[in-house]
Protein chains: 2
Amino acid sequence: MPTLQDVAREAGVSKMTVSNVLNGRRDRVSPATIARVMEVVTRLGYVPNASARSLSARRSNIVALAFPSRDAGGVTPMTNPHDSLFLSEVEAQVTQAGLYLMAHSVNSVESTAHSLRSWNVDGAIFLGTRADEVAALHTAYDAPMVFVDNHGTSPHISNVGIEDRLGGQLAGRRLIEAGHRRIGFVGPRFDEPGVVRERHAGFVQALTEAGLSLRPEHVVHCDAGFDHAVAAARRVLAAPQRPTAVFATADIIAAGLLKGFVRAGCPVPDQMSIIGFDDLEVARHVSPEITTLHQDIPGKARAAVEVLLTQLAHWPAARSERRVLGVSLVERESVAPPPAS
Amino acid sequence: MPTLQDVAREAGVSKMTVSNVLNGRRDRVSPATIARVMEVVTRLGYVPNASARSLSARRSNIVALAFPSRDAGGVTPMTNPHDSLFLSEVEAQVTQAGLYLMAHSVNSVESTAHSLRSWNVDGAIFLGTRADEVAALHTAYDAPMVFVDNHGTSPHISNVGIEDRLGGQLAGRRLIEAGHRRIGFVGPRFDEPGVVRERHAGFVQALTEAGLSLRPEHVVHCDAGFDHAVAAARRVLAAPQRPTAVFATADIIAAGLLKGFVRAGCPVPDQMSIIGFDDLEVARHVSPEITTLHQDIPGKARAAVEVLLTQLAHWPAARSERRVLGVSLVERESVAPPPAS
DNA sequence: CTGAAAGCGCTTACAG
DNA sequence: CTGAAAGCGCTTACAG
């Protein structure tokens, strides 16, 4: 494995000159020298040692992507399409920027902070972090961090998210417009601030605007997992004065409900309408295809990397930034007027 | 940020002693000293610098996971459930082993090898690598590597895969057992060795055993993507003497076919039976649920990490190892006897 | 435009 | 059981 030293010797220059050539500070080197150095680099197949560079430059070129070790449904981490699509696009962008991606599931804030510090990562992107964890992370490690889909209130943190509340509102309005008056809500619990709470709030707002209300017995809590949702369908149907439509906070829930309803002899959308959220592939896999709120996940990933790189460029003078991407309703086949009673 | 030096000074010992304590060579240190050092480490919140450690120890503690930058369907990398499930389990295992995971999409063998060398990664796991790339990788970087689902013939490479051929065979047999005589095959092209070719071979074998043959007009090529498969359904139906059943080399293809068949007025399984492969979630999302060949993806990930760690432990004397996990047929709802003609 | 030298924070024989 | 010293392969003021 040739080193900088080897290249320098072979090219008849100092290590520092080689370093300058390799790091783009080419204004400090004559064209002839640059050519000579590059020739040697190629011939020897020289590859800089990233650890050495990181150690002396105090800059690792590593970006960490941290995701929940288990999602709400108790499923294996990263298993859900949203997170994997997101990771994939982050990886692409990070690589494009000449940086490296370290993937981390977050078991505890401590161990995550430990890793970040140990590798002296330049910055980090966090998926699915709770508000208290955000604060702990910031105090534990001083580097650019951007959070995704975080609805905490602190103005000091950078966040990239979507119009969750508007999404909920659009879902509610669409169902109302179709003629529904008894509309249910199915999603995970939302004791803490987060996307589910926002979607719920927007949904309730739409009902309120129309002079309707969300009855407690029409709220069914269900973790984001297909099987959970299949089971939840029965609970929806068992409610007194059962709803004629439901808003599910995630497509995977919508898909599970769909199966559950149909199994229970309640056809969709004839007897029951469904609106999902996210516009994941699953929404088109099933029949009827699920009407849902579209969000641009790769776009969110690009925005997250962009914000991170901006912060990196201005660090430590960087200011926090919040970006919110739009949502839009995608009409498909799971919404119809309520059955003529 | 406290350093080893700070800890040593504070504890009144040498750097080397602190290092020994931290790296488990505790037999070389007295219990009293260990206690003192640990107390200081905790009090100062000392976190070792991974780059420095990597540089001097010539061991990075980094494992790379490399995945195709675009899969066969031209979809964004990592988007498919198989890869993301795999990555997630690899991450868990790697973390558990006290190592770090660097995620890489492979645009070119050169850039990948560059990254591996630059970070001096301890080892790497490769998803979806072609045979020629495998060879190039091995010559470009000398470290433990394990390939996944590689059906190349070289005995020198470590591989973890599944019984693809048996899977194809079981699929064929199941369809034959149901009474089908004209059975089609839908999957990506398989000019090179790989899982598709194996699954196809096993499938053909089953037909042959039963005195049947796979007619060329019953082979429909289709990339692994839902929409591609929806479109492919028409081609299956358009074949002269159309088949009464098809084997799809992936569940996502099976799901797309299902939709395509139903749309074309050909109900599944009444008029057309389908068997998929992988047993991904999508197989249970759709109706009818898809009968498929189960493979244990997290198990494959664990095996891959295990093989890698074993090699790491014995490096450079390590011997290559090939592991093959089983497959099993999962009965669901997409297979029925052929329609009475 | 170019270089000598110090230093980043660790580990590792080696010696005692 | 413990330590002094060299060295891993880079970058970075500083000087010329």
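Residues numbered from 1 in each chain as written. Chains lettered and ligands numbered in written order. Predicted model: local features only at pLDDT ≥ 70, side-chain atom pairs only at ≥ 80, totals over all residues. Heavy atoms only, no water.

- With an unreviewed UniProt entry as reference, chain A is termed LacI family transcriptional regulator, source organism Actinoplanes ianthinogenes.

1. A closer look at the overall build of chain A
At step 1: A tally of regular secondary structure across chain A gives 13 helices and 12 strands.
At step 2: A compact globule built from 341 residues should have a C-alpha radius of gyration of about 20 Å, whereas chain A, at 25 Å, is more than 25% larger.
At step 3: Taken along the three principal axes of its C-alpha coordinates, chain A extends 90 × 35 × 30 Å.
At step 4: Across chain A, contacts joining residues at least 24 apart in sequence account for 69% of those joining residues at least 6 apart.
At step 5: Charged side chains of chain A number 34 positive and 35 negative; the gap between the two group centres comes to 3 Å. (Helix = DSSP H or I, 4+ residues; strand = E, 2+ residues; numbered from the N terminus. Rg over C-alpha atoms; globule rule 2.2 N^0.38 Å. Contact = heavy atoms within 4.5 Å. Lys, Arg positive; Asp, Glu negative; His and termini not counted. Charge placed at Lys NZ, Arg CZ, Asp CG, Glu CD.)

2. Some thoughts on the pattern of salt bridges
At step 1: Scanning the model with the defined rule gives 42 salt bridges over all chains in all.
At step 2: For the salt bridge of Arg284(B) with Asp227(A), the shortest nitrogen-to-oxygen distance reads 2.8 Å. Here Arg284(B) is found in helix 12 (residues 282-285), whereas its partner Asp227(A) is found in helix 10 (residues 226-238) on a different chain.
At step 3: With a closest N to O distance of 2.7 Å, Lys259(A) and Glu289(B) form a salt bridge. (Salt bridge = Lys/Arg side-chain N within 4 Å of Asp/Glu carboxyl O.)

3. As for the packing of helix 6 (residues 109-119) of chain A against helix 7 (residues 131-140) of chain A
Residue and element names in this part refer to chain A.
At step 1: Where helix 6 meets helix 7, the axes come as close as 10 Å, and the angle between the chain directions of the two elements is 35 degrees. The element helix 6 and its partner helix 7 pack so that their crossing is right-handed. Only Glu-133, Ala-136, Leu-137 and Ala-140 of helix 7 make contact with helix 6, whose side of the interface consists of Val-109, Ala-113 and Arg-117.
At step 2: Partitioning the contact of helix 6 with helix 7 into residue classes produces 5 nonpolar, no polar and 2 charged. (Axes fitted to C-alpha atoms, helices over the stretch in contact; angles between N-to-C directions. Left-handed = near helix turned anticlockwise from the far one by under 90°. Nonpolar A, V, L, I, M, F, W, Y, C, P; charged D, E, K, R; others polar.)

4. Focus on the protein's contact with DNA strand D
At step 1: Among the 27 residues in the neighbourhood of DNA strand D, the closest are listed as Leu4(A), Lys15(A), Ser19(A), Ser56(A) and Thr33(B).
At step 2: Counting only atoms of DNA strand D within 4 Å of the protein, the sugar-phosphate share comes to 69%.
At step 3: Within the side chain of Tyr46(A), a nitrogen or oxygen atom sits 2.7 Å from a phosphate oxygen of DNA strand D.
At step 4: Contacts to DNA strand D include Asn49(A), whose backbone N or O atom sits 3.3 Å from a phosphate oxygen.
At step 5: At the level of secondary structure, the elements contributing two or more residues to the surface near DNA strand D comprise helix 2 (15-22) and helix 4 (50-57) of chain A together with helix 2 (15-22) and helix 4 (50-57) of chain B.
At step 6: Tallying contributions element by element places helix 4 of chain A first for the surface near DNA strand D, with 4 residues. (Near = heavy atom within 4 Å. Polar contact = N/O pair within 3.5 Å; in protein donor to acceptor, adjacent residues only side chain to side chain.)

5. Quick word on the interface of chain A and chain B
At step 1: The interface is formed by 47 residues belonging to chain A together with 47 residues belonging to chain B.
At step 2: Taking both partners together, chain A and chain B bury about 4400 Å²; carbon and sulfur atoms supply 57% of that area.
At step 3: Across the chain A-chain B interface, the total number found is 6 salt bridges.
At step 4: Our count for the contact surface shared by chain A and chain B stands at 22 residue pairs in polar contact (both at pLDDT 80 or more).
At step 5: Elements supplying a minimum of two residues to the side of chain A that touches chain B: helix 4, strand 1 (62-68), helix 5 (81-96), strand 2 (100-106), helix 6, helix 10, helix 11 (251-263) and helix 12 (282-285) of chain A.
At step 6: In this sheet, strand 2 (residues 100-106) of chain B lies alongside strand 2 of chain A in antiparallel orientation, the contact comprising 3 bridges. (Buried area = accessible area lost by both parts, 1.4 Å probe. Pairing = 2+ DSSP bridges.)

6. Points about the environment of His156(B)
Residues and elements named next belong to chain B.
At step 1: Residue position: His-156 is located in the loop between strand 4 (145-148) and strand 5 (158-162).
At step 2: Residue class for His-156 comes out exposed when judged on its relative accessible area of 66%.
At step 3: Along the sequence, His-156 and Glu-321 sit 165 residues apart, while their C-alpha atoms lie 8.2 Å from each other. (Buried < 20%, exposed > 50% of the residue type's maximum accessible area, 1.4 Å probe, protein only.)

7. Side note on the sheet that holds strand 9 (residues 273-278) of chain A
All names here are of chain A.
At step 1: If you walk across this open sheet you meet the 6 strands as 7-6-8-9-10-12, and the pairing is mixed. The open sheet is flanked by strand 7 (219-221) and strand 12 (327-330), the only strands paired with a single partner. Averaged over all pairs of adjacent strands, the angle between strand axes in this sheet comes to 20 degrees, irrespective of strand direction.
At step 2: Relative to strand 12, strand 10 (residues 291-295) is paired through 4 bridges, and the arrangement is antiparallel. Bridge assignment links Leu-293 to a residue of strand 12, and that residue is Leu-329.
At step 3: The strands touched by helix 8 (residues 164-177) within the sheet are strand 6 (183-187), strand 8 (245-248), strand 9, strand 10 and strand 12, with strand 9 carrying the most contacts at an inclination of about 165 degrees.
At step 4: Strands strand 6, strand 8, strand 9 and strand 10 of the sheet are contacted by helix 11, whose axis makes an angle of about 155 degrees with strand 9.

8. Side note on the protein's contact with DNA strand C
At step 1: Near DNA strand C lie 28 residues; those nearest to it are Thr33(A), Leu4(B), Ser19(B), Tyr46(B) and Ser56(B).
At step 2: The sugar-phosphate portion of DNA strand C accounts for 70% of its atoms within 4 Å of the protein, the bases making up the rest.
At step 3: Here Ser19(B) contributes a side-chain N or O atom positioned 2.4 Å from a phosphate oxygen of DNA strand C.
At step 4: Secondary structure elements with two or more residues in the surface near DNA strand C: helix 2 and helix 4 of chain A together with helix 2 and helix 4 of chain B.
At step 5: With 5 residues, the single largest contributor to the surface near DNA strand C is helix 4 of chain B.

9. Digging into helix 8 of chain A
Residue and element names in this part refer to chain A.
At step 1: Compared with the 20 Å implied by 1.5 Å per residue over 14 residues, the 20 Å span of helix 8 between its first and last C-alpha is a close match.
At step 2: Listed as buried for helix 8 are Asp-164, Gly-167, Gly-168, Gln-169, Ala-171, Gly-172, Arg-174, Leu-175 and Ile-176.
At step 3: One or two residues past the end of helix 8 sits Gly-179, with phi positive at roughly 110 degrees. (Expected span 1.5 Å × (residues − 1).)

10. Structural notes on the relation of the copies chain A and chain B
At step 1: The two copies are related by a screw operation: chain A maps onto chain B through 180 degrees of rotation and 0.0 Å of translation along the axis, at an RMSD of 0.1 Å. What the rotation and shift describe, once combined, is the action of a two-fold rotation axis.
At step 2: The share of interface residues of chain A whose copies in chain B are also at the interface is 100%, consistent with both copies meeting through the same surface. (Least-squares fit on C-alpha atoms with pLDDT ≥ 70 in both.)

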